[in-house]
Amino acid sequence: MLEFYGKRFGSRLLLGTARYPSPAILADAVRASTCEIVTVSLRRESSDMRAGQDFWALMKELGTHILPNTAGCHSAREAVTTARMAREVFATSWIKLEVIGDSDTLQPDPFGLVEAARILCSEGFEVFPYMNDDLVVAEKLVEAGCRVLMPWGAPIGSGRGLNNPYALRTMRAHFPDITLVVDAGLGVPSHAAAAMELGYDAVLVNTAVAKAGDPVAMARAFAAAVEAGRLAFEADPIDALDMAVPSTPLLGKALL
Amino acid sequence: MKIVLNGKSHETASTDLASLLAEIDFADAIVATALNGEFVSVDQRDGVSLQPGDRIEIVAPMQGG
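Residues numbered from 1 in each chain as written. Chains lettered and ligands numbered in written order. Predicted model: local features only at pLDDT ≥ 70, side-chain atom pairs only at ≥ 80, totals over all residues. Heavy atoms only, no water.

### A word on the overall build of chain B
For chain B, the helix and strand inventory stands at one helix and five strands. Of the regular secondary structure in chain B, the N- to C-terminal order runs β-β-α-β-β-β. In terms of its C-alpha atoms, chain B occupies a principal-axis envelope of roughly 35 × 25 × 20 Å. A burial count over chain B gives 48% of its 65 residues as buried. Sequence-distant contacts in chain B: of pairs separated by 6 or more residues, those separated by 24 or more amount to 52%. For chain B, the computed accessible surface area is about 3,100 Å², with 49% contributed by carbon and sulfur atoms. When the 4 positive and 10 negative side-chain charges of chain B are each reduced to one mean point, those points stand 10 Å apart. (Helix = DSSP H or I, 4+ residues; strand = E, 2+ residues; numbered from the N terminus. Buried < 20%, exposed > 50% of the residue type's maximum accessible area, 1.4 Å probe, protein only. Contact = heavy atoms within 4.5 Å. Areas by Shrake-Rupley, 256 points an atom, 1.4 Å probe, with all protein chains shown as cover. Lys, Arg positive; Asp, Glu negative; His and termini not counted. Charge placed at Lys NZ, Arg CZ, Asp CG, Glu CD.)

In structure tokens:
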């Protein structure tokens, strides 16, 4: 079973809650995905709109585990303050730690990320760092106390899939005991299946579901792909070869 | 006095953070607060006095990826 900081889960799909056409479609997509964990954020609340209060009521109704993020933070200080606020609001020590280093690619800032992870782990947070696929950064995050790593497949919202399967495979091999999640950049369910076939423990998807023509159907499709990919990994796939190997036995073939 | 509330200038008679939240009808809302970039927990709010020019952030749950 999938495990995050001692908690176990049946579904290996984590779903983001942003960019859906409506709250009702978001709710239907979450239910259709059968996911047990959704990501959320913190944003300024206005006293006239009170949009956050309505959103929170919807999340409580869905009853999934909440993984708050520090999306949009560009410094360790900002991310740490956001995490502290999230812990109070959501009553969880989980934090999806994002420290963005580049506005065009939304690429993580590895230096700020490690700095923030050290502070948050020392304060008892259970950190889910959104990171690139660099092994040295991964090592520093593990040293800081992270038991989960979330390398990107591709830039957030790009839908490009796994840009560097080699790096992801290497990371899996280097950290057999760390829970690894491909976070960001997936576009279609086959990308999720590919990540799972590499032995990743889970995937986190948002835009690919939320911006699909039918988000509810796409949520179901991603759930099926994640399950298929995991089954395939557990079934020990064959190695790729350069040359053909006949599958039909040659022995007994008639001479014609 | 004038403070900056969620990035906008705001005139308030409140002298502490808890009073400010009550003033804008957020006393029972699910929100977190920060003063000049530092987190202020629920328990600390009535002990935090406000000064002119203070930057207050009030955030709530929102959609996120």
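Still more ground to cover, so stick around.
### Observations regarding the overall build of chain A
Within chain A, the regular secondary structure consists of nine helices and 10 strands. Dimensions along the principal axes, computed over C-alpha positions, put chain A at roughly 85 × 40 × 35 Å. Considering chain A as a whole, with its 256 residues, one finds that 54% of them fall into the buried category. Put simply, of all contacts in chain A between residues at least 6 apart along the chain, 66% involve residues at least 24 apart. If you sum the accessible surface of chain A, you get close to 12,000 Å²; carbon and sulfur atoms cover 54% of it. Across chain A, the centroid of the 23 positively charged side chains sits 2 Å from that of the 30 negatively charged ones.

### A few points about the pairing of strand 6 (residues 94-97) of chain A
Residue and element names in this part refer to chain A. The alternating pattern of strand 6 places Trp94 and Lys96 on one face and Ile95 and Leu97 on the opposite face, and all of these are buried. Summarising the sheet, strand 6 and strand 7 (residues 126-131) pair through four bridges and their orientation is parallel. Bridge pairing links Trp94 to Glu126 in strand 7. Once the chain exits strand 6 it traverses helix 4 (residues 110-122) before rejoining the sheet at strand 7, and the crossover so formed is right-handed. (Pairing = 2+ DSSP bridges. Right-handed = clockwise from strand over helix to strand, strands pointing away.)

### Remarks on unusual backbone geometry
One non-glycine residue, Thr34(A), adopts positive backbone phi at about 55°. Looking at where Thr34(A) falls in the secondary structure, it is placed in the loop between helix 1 (23-33) and strand 4 (37-44). Taking the relative accessible area as the measure of exposure, Thr34(A) reaches 53% and is therefore exposed. In this structure, Asp25(B) takes a positive phi of about 65° despite not being glycine. With respect to the helices and strands, Asp25(B) occurs in the loop between helix 1 (17-23) and strand 3 (32-35).

### Describing the environment of Ala117(A)
Residues and elements named next belong to chain A. Counting through the fold element by element, Ala117 comes out in helix 4. With a relative accessible area of 0%, Ala117 lands in the buried category. For Ala117, the residues in contact, after removing those within four places along its chain, are Leu97, Leu141, Ala144 and Cys146.

### Considerations on the nonpolar core
Among the nonpolar cores identified, the biggest contains 86 residues, and Phe4(A), Met59(A), Leu97(A), Val127(A), Leu141(A), Leu149(A) and Val203(A) are the most heavily contacted of them. Leave out the neighbours within four places in its chain, and Leu149(A) touches Pro129(A), Met131(A), Ala138(A), Leu141(A), Val142(A), Phe175(A), Ile178(A), Thr179(A), Leu180(A) and Val181(A). Core analysis: the second largest hydrophobic core is formed by 16 residues, Leu20(B), Leu21(B), Ile24(B) and Val48(B) among them. (Core = buried A, V, L, I, M, F, W, Y, C linked by side-chain atoms within 4.5 Å.)

### Structural notes on the pattern of salt bridges
By the definition in use, this model includes 11 salt bridges over all chains. Arg31(A) is paired through a salt bridge with Asp28(A); the nearest N and O atoms lie 3.3 Å apart. Of this pair, Arg31(A) and Asp28(A) both sit in helix 1, three residues apart, roughly one helical turn. Residue Arg31(A) is classed as partly exposed on the basis of its relative accessible area of 45%. Under the relative-accessibility criterion, Asp28(A) is labelled partly exposed at 38%. The residue Arg44(A) makes a salt bridge to Glu57(B) at a minimum N-O spacing of 2.7 Å. A residue pair is termed interchain when its members come from two chains, as with Arg44(A) in strand 4 and Glu57(B) in strand 5 (residues 55-63). (Salt bridge = Lys/Arg side-chain N within 4 Å of Asp/Glu carboxyl O.)

### Examining the side chain of Asn132(A)
Residue and element names in this part refer to chain A. Inspection of the secondary structure assignment puts Asn132 in the loop between strand 7 and helix 5 (135-144). The exposure class of Asn132 is buried, given its relative accessible area of 14%. Polar contacts involving the side chain of Asn132 include one to the main-chain amide nitrogen of Asp134, which spans 3.1 Å. In this structure Asn132 touches Pro108, Val137, Pro151, Trp152 and Met171, once residues within four positions along its chain are discounted. (Polar contact = N/O pair within 3.5 Å; in protein donor to acceptor, adjacent residues only side chain to side chain.)

### Description of the environment of Gly187(A)
Residues and elements named next belong to chain A. Structurally, the position occupied by Gly187 is in the loop between strand 9 (179-183) and helix 7 (189-197). Here Gly187 falls in the buried class, since its relative accessible area comes to 18%. Sequence spacing of Gly187 and Gly159 is 28 residues, and the spatial spacing of their C-alpha atoms is 3.6 Å. For Gly187, the residues in contact, after removing those within four places along its chain, are Gly159, Gly161, Ala208 and Phe222.

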